[in-house]
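Structural characterization, general
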Amino acid sequence: MNFHVMTLFPEMIMQGLGTSITGRAMQKKLIQIEAVNIRDYTLEKHGQVDDYPYGGGAGMVMQAEPIYRTWESITNRIGKQPRVVYMTPQGSVFNQSMAEDFAKEEDLIILCGHYEGVDERVLDMIVTDHVSIGDYVLTGGELPAMVMIDCISRLVPGVLNNNDSAEFESFHENLLEYPQYTRPEEFMGRRVPDILLSGHHANIEKWRHEQSVKRTMERRPDLLQEK
Ligand code: ADE
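So, here is what we can say about the structure in this document. (Residues numbered from 1 in each chain as written. Predicted model: local features only at pLDDT ≥ 70, side-chain atom pairs only at ≥ 80, totals over all residues. Heavy atoms only, no water.)

Looking now at the overall build of the chain. Looking only at helices and strands, one finds 10 helices and 10 strands in the chain. The globule rule puts the C-alpha radius of gyration for 227 residues at 17 Å, and the 22 Å found for the chain is more than 25% above it. Taken along its principal axes, the extent of the C-alpha atoms in the chain is 70 × 40 × 35 Å. Across the 227 residues of the chain, 39% fall into the buried class. Per element, the accessible surface of the chain, about 13,700 Å² overall, is 49% carbon and sulfur. (Helix = DSSP H or I, 4+ residues; strand = E, 2+ residues; numbered from the N terminus. Rg over C-alpha atoms; globule rule 2.2 N^0.38 Å. Buried < 20%, exposed > 50% of the residue type's maximum accessible area, 1.4 Å probe, protein only. Areas by Shrake-Rupley, 256 points an atom, 1.4 Å probe, with all protein chains shown as cover.)

Structure representation (structure tokens):
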């Protein structure tokens, strides 16, 4: 899967995703991430990419032209026009099923905004999906883009070591994951639940499922209603 990120801070994207599991997935060519600097596509003399808002008000607005030209350069190069996700607190709130939907795409373009906003005209022209990562406001779309890319990448076959693990984790069928334990059997007087040491797989499965339901009811009852 190929992610094309349009941003004013390409190094933030590449450094953030270049380590750990996403970094290894890039090395193995399971995913490809390019961060394209919008500033490289401005026609203004001093590399300007933003300007004052028409009608007045605080802050600066990112101009349409450099964003449009960045998009044009990417789509011409790859020879197609994939979905364009604009990271914005005004979008639909990202969740696991959106990640599963995006993971079906071969290419995805992600636009990171900054300053007070982006000229609406270029959004109307190129954006297919408006996505937020939660009801709070960040300084830019880079962290949200990284969150989304991380989440989608781990659904790409081969990215996680163990092929089953993406399936059984938190949010599989809208249930939170059951509690996990590893060695030692006793830590500061706290023992691992006996059932997990019993070797009885059917009982362990049943216990884990019960724990998932209990945990979801206690911590995220809203997830049970969503189904
Ligand atoms: N840009 C600023 N805040 C954001 C958020 N919560 N989600 C997506 N993009 C954003």
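Paired through their backbone hydrogen bonds, the strands of a sheet run either parallel or antiparallel. Spatial strand order, E3-E4-E7: 3 strands in an open sheet with mixed pairing. Each edge of the open sheet carries a strand with a single partner, namely strand E3 (50-51) and strand E7 (117-118). (Pairing = 2+ DSSP bridges.)

Now for unusual backbone geometry. Leaving glycine out, the prevailing phi sign among residues is negative, and the prevailing peptide bond configuration is trans. Following Arg183, the chain continues to Pro184 via a peptide bond in cis, the omega torsion being 5°. With respect to the element layout, Pro184 can be found in the loop between helix H7 (165-168) and strand E9 (186-187). Although it is not a glycine, Ser20 adopts a positive phi angle of roughly 55°. Examined against the element boundaries, Ser20 turns out to sit in helix H2 (residues 20-27).

Considered as a void within the structure, the largest pocket measures approximately 470 Å³ in volume. Forming the boundary of the largest pocket are 25 residues, of which Tyr86, Met87, Thr88, Pro89 and Gly117 lie nearest the centre. Breaking the lining of the largest pocket down by element, the ones donating at least two residues are strand E5 (84-93), E7, helix H5 (120-126) and strand E8 (129-132). Examining the composition of the lining of the largest pocket, we find that 5 residues originate from one element, E5, more than from any other. For the lining of the largest pocket, the per-class residue count stands at 12 nonpolar, 11 polar and 2 charged. (1 Å grid on protein atoms, 1.4 Å probe; cavity = no way out; pocket = protein on both sides within 12 Å on 5 of 7 lines; lining within 4 Å. Points joined across faces, edges and corners; volume = space filled by probe spheres on them. Nonpolar A, V, L, I, M, F, W, Y, C, P; charged D, E, K, R; others polar.)

Time to look at helix H6 (residues 142-153). Count 3.6 residues to each turn of an α-helix, and residues three or four apart come out pointing the same way. The end-to-end C-alpha distance of H6 is 16 Å, a good match for the 16 Å that 12 residues give at a rise of 1.5 Å each. With respect to burial, H6 is a largely interior element, 9 of its 12 residues being buried. Of all the residues in H6, the buried ones are Glu142, Pro144, Ala145, Met146, Met148, Ile149, Cys151, Ile152 and Ser153. (Expected span 1.5 Å × (residues − 1).)

Within the fold, Thr7 resides in strand E1 (residues 2-7). Within the structure, Thr7 has its side chain in polar contact with the backbone nitrogen of Phe9 (distance 2.7 Å). In contact with Thr7, other than residues within four places in its own chain, are Ile13, Ala35, Val36, Asn37, Ile38, Cys112 and Glu142. (Polar contact = N/O pair within 3.5 Å; in protein donor to acceptor, adjacent residues only side chain to side chain. Contact = heavy atoms within 4.5 Å.)

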